[in-house]
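So the chains spell out like this:
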Amino acid sequence: MSHATPSTYRGRFAPSPTGALHAGSLVAAMASFLDARAHDGVWLIRIEDIDPPRDIPGAGEAILDTLFRLGLTSDEPVIWQHDRYDAYEAALAHLNAQGLVYGCACSRREVAALAVALGLAPSVYPGTCREGTHGRPVRAIRFRTTADPITFTDRLCGVYTQNVEREVGDFVLKRADGLWAYQLAAITDDIEAGITDVVRGADLLDNTPRQIALIRTLGGTVPRYCHLPLVLNHDGQKLSKQQGATPLNPDDLMGELERAWTHLGFPTLGADSIAAFWRTALPLWQARFGQ
Ligand code: GLU
């Protein structure tokens, strides 16, 4: 397909190196890649290695190697979040200058106890330290949310609305252990990379309003979102690298591609090579999601 103007589409796949790629992460990699190609766009890989206690040494390299063997390589140099701490510090300073962050002295246990006492879900931060910590030492840095509901239209899940202040509360940007929180890191990188389209698993649907709040205050452009159906294990839980989901079978990468493809709602392709798989899948993706 030829376009009069070059595409501005920029998408990404952003795995955390907490284990090997599994069937669920392949679905996100596949869909984000095909969607970028279907829009003549750029596809980037970002390794979200900002959580040393959870990250597994060598897992980032292993993920890139598996992606390479599946025919998936980043169109621009791979971004490693451990190289980006200065950018996260600058983003935090920017939010701080707007009066949108504050130090919080509460432990997770204190937050849960107070939330429950107030009739909230245990994960909802009830704003305890909004007006100061009353001399208690600061542990984490939080973002000051507002009561305005945030609404966006997901390409697959439809209209989604969340009152972040009420349903999540002021959320953490920098953790008590000094590590950067996923929300701030991901958003800083998405803005800097000019990401126009986020295609990822539906487990992050309810994180999206938090991210939109951050993007707006940091002056970025809110991307389009497409949250994909999750791959569940036998117990109905989301596959997760951290919980030891079975890695992709290196001896059956064609089978893995076909299974991810049918999970996305398409009929089996029966391709006889990895290159043929992508060649055949692309026009089908384009016909369904090319708009
Ligand atoms: N690193 C996240 C994960 O592995 C994905 C982040 C994102 O796509 O925004 O679940």
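None of the values given here were measured: they were computed from a predicted structure.

(A) Representation of the environment of arginine 210 within the structure. Residue position: arginine 210 is located in helix H7 (residues 208-217). Along the chain, arginine 210 and threonine 188 lie 22 residues apart, while their C-alpha atoms are 13 Å from each other. With residues up to four places along the chain from it excluded, the contact list for arginine 210 reads Gln162, Val164, Val168, Phe171 and Gln183.

(B) Fine view of the sheet that holds strand S1 (residues 10-13). Spatially, the five strands line up as an open sheet ordered S3-S2-S1-S9-S10, and their pairing is parallel. Strands at the two margins of the open sheet, each flanked by one partner only, are strand S3 (79-80) and strand S10 (224-228). In terms of strand pairing, S1 meets strand S9 (residues 197-201) through two bridges, oriented parallel. Bridge assignment links glycine 11 to a residue of S9, and that residue is aspartate 197.

(C) Spatial organisation of the site of the ligand. Taken together, Arg12, Ala14, Pro15, Ser16, Glu48, Tyr182, Arg200, Leu204 and Lys241 form the complete shell of residues around the ligand. Here a nitrogen atom of the ligand and a side-chain polar atom of glutamate 48 are 2.6 Å apart. Summarising the interface, the protein chains cover 82% of the accessible area of the ligand, which totals 300 Å² for the free molecule.

(D) Representation of the environment of leucine 26. Note on placement: leucine 26 falls in helix H1 (residues 23-38). Leucine 26 gets classed as buried once you look at its relative accessible area, which sits at 0%. Linking leucine 26 and valine 231, residues 205 residues apart in sequence, is a C-alpha distance of 9.9 Å. The contacts of leucine 26, once residues within four sequence positions are left out, are Leu70, Leu248, Glu256, Leu257 and Ala260.

(E) Layout of H7. Burial runs high along H7: eight of the ten residues are buried. Residues Thr208, Pro209, Arg210, Gln211, Ile212, Ala213, Leu214 and Ile215 constitute the buried set of H7. Glycine 219 sits one or two positions beyond H7 and adopts a positive phi of about 80 degrees.

(F) Representation of the pattern of salt bridges within the structure. Within this structure, the stated rule accounts for 21 salt bridges. Linking glutamate 48 and arginine 46 is a salt bridge whose minimum nitrogen-to-oxygen distance equals 3.0 Å. The class for glutamate 48 is buried, based on a relative accessible area of 7%. Close ionic contact of arginine 175 with aspartate 51 constitutes a salt bridge, the shortest N to O distance being 3.2 Å. Remark: aspartate 51 occurs in the loop between strand S2 (42-47) and helix H2 (59-69) and arginine 175 occurs in the loop between strand S8 (172-174) and helix H6 (182-192); sequence separation between them is 124 residues. Assessed through its relative accessible area of 25%, arginine 175 is described here as partly exposed. If you follow the salt bridges from partner to partner, you end up with Arg12, Arg46, Glu48, Arg84, Asp189, Asp190 and Glu192 in one network.

(G) Here's a closer look at the side chain of arginine 200. Counting through the fold element by element, arginine 200 comes out in strand S9. As a buried residue without a salt bridge, arginine 200 has its nearest oppositely charged side chain in aspartate 190, at a separation of 5.3 Å. A distance of 3.3 Å separates a polar atom in the side chain of arginine 200 from a polar atom in the side chain of tyrosine 182. In terms of polar contacts, arginine 200 uses its side chain to reach the side chain of histidine 227, at 3.0 Å.

(H) The packing of aromatic side chains, seen in detail. Enumeration according to the criterion identifies 13 aromatic pairs in this entry. With a centroid separation of 5.0 Å and 70 degrees between ring planes, the pair formed by phenylalanine 33 and tryptophan 278 is classed as edge-to-face. With phenylalanine 33 in helix H1 and tryptophan 278 in helix H9 (residues 274-289), this residue pair connects regions lying 245 residues apart in the sequence. Given a relative accessible area of 9%, tryptophan 278 falls into the buried group. Summarising the aromatic geometry, the rings of tyrosine 88 and tryptophan 180 are spaced 6.0 Å apart at their centres and angled 65 degrees between planes, so their arrangement reads as edge-to-face. Taken together, the positions of tyrosine 88 in helix H3 (residues 85-97) and tryptophan 180 in the loop between S8 and H6 put the pair 92 residues apart, joining distant regions of the chain.

The rules behind these values
- Residues numbered from 1 in each chain as written.
- Predicted model: local features only at pLDDT ≥ 70, side-chain atom pairs only at ≥ 80, totals over all residues.
- Heavy atoms only, no water.
- Helix = DSSP H or I, 4+ residues; strand = E, 2+ residues; numbered from the N terminus.
- Contact = heavy atoms within 4.5 Å.
- Pairing = 2+ DSSP bridges.
- Near = heavy atom within 4 Å.
- Polar contact = N/O pair within 3.5 Å; in protein donor to acceptor, adjacent residues only side chain to side chain.
- Areas by Shrake-Rupley, 256 points an atom, 1.4 Å probe, with all protein chains shown as cover.
- Buried < 20%, exposed > 50% of the residue type's maximum accessible area, 1.4 Å probe, protein only.
- Salt bridge = Lys/Arg side-chain N within 4 Å of Asp/Glu carboxyl O.
- Lys, Arg positive; Asp, Glu negative; His and termini not counted.
- Phe/Tyr/Trp six-rings, centres within 6.5 Å; stacked < 30°, edge-to-face > 60°.

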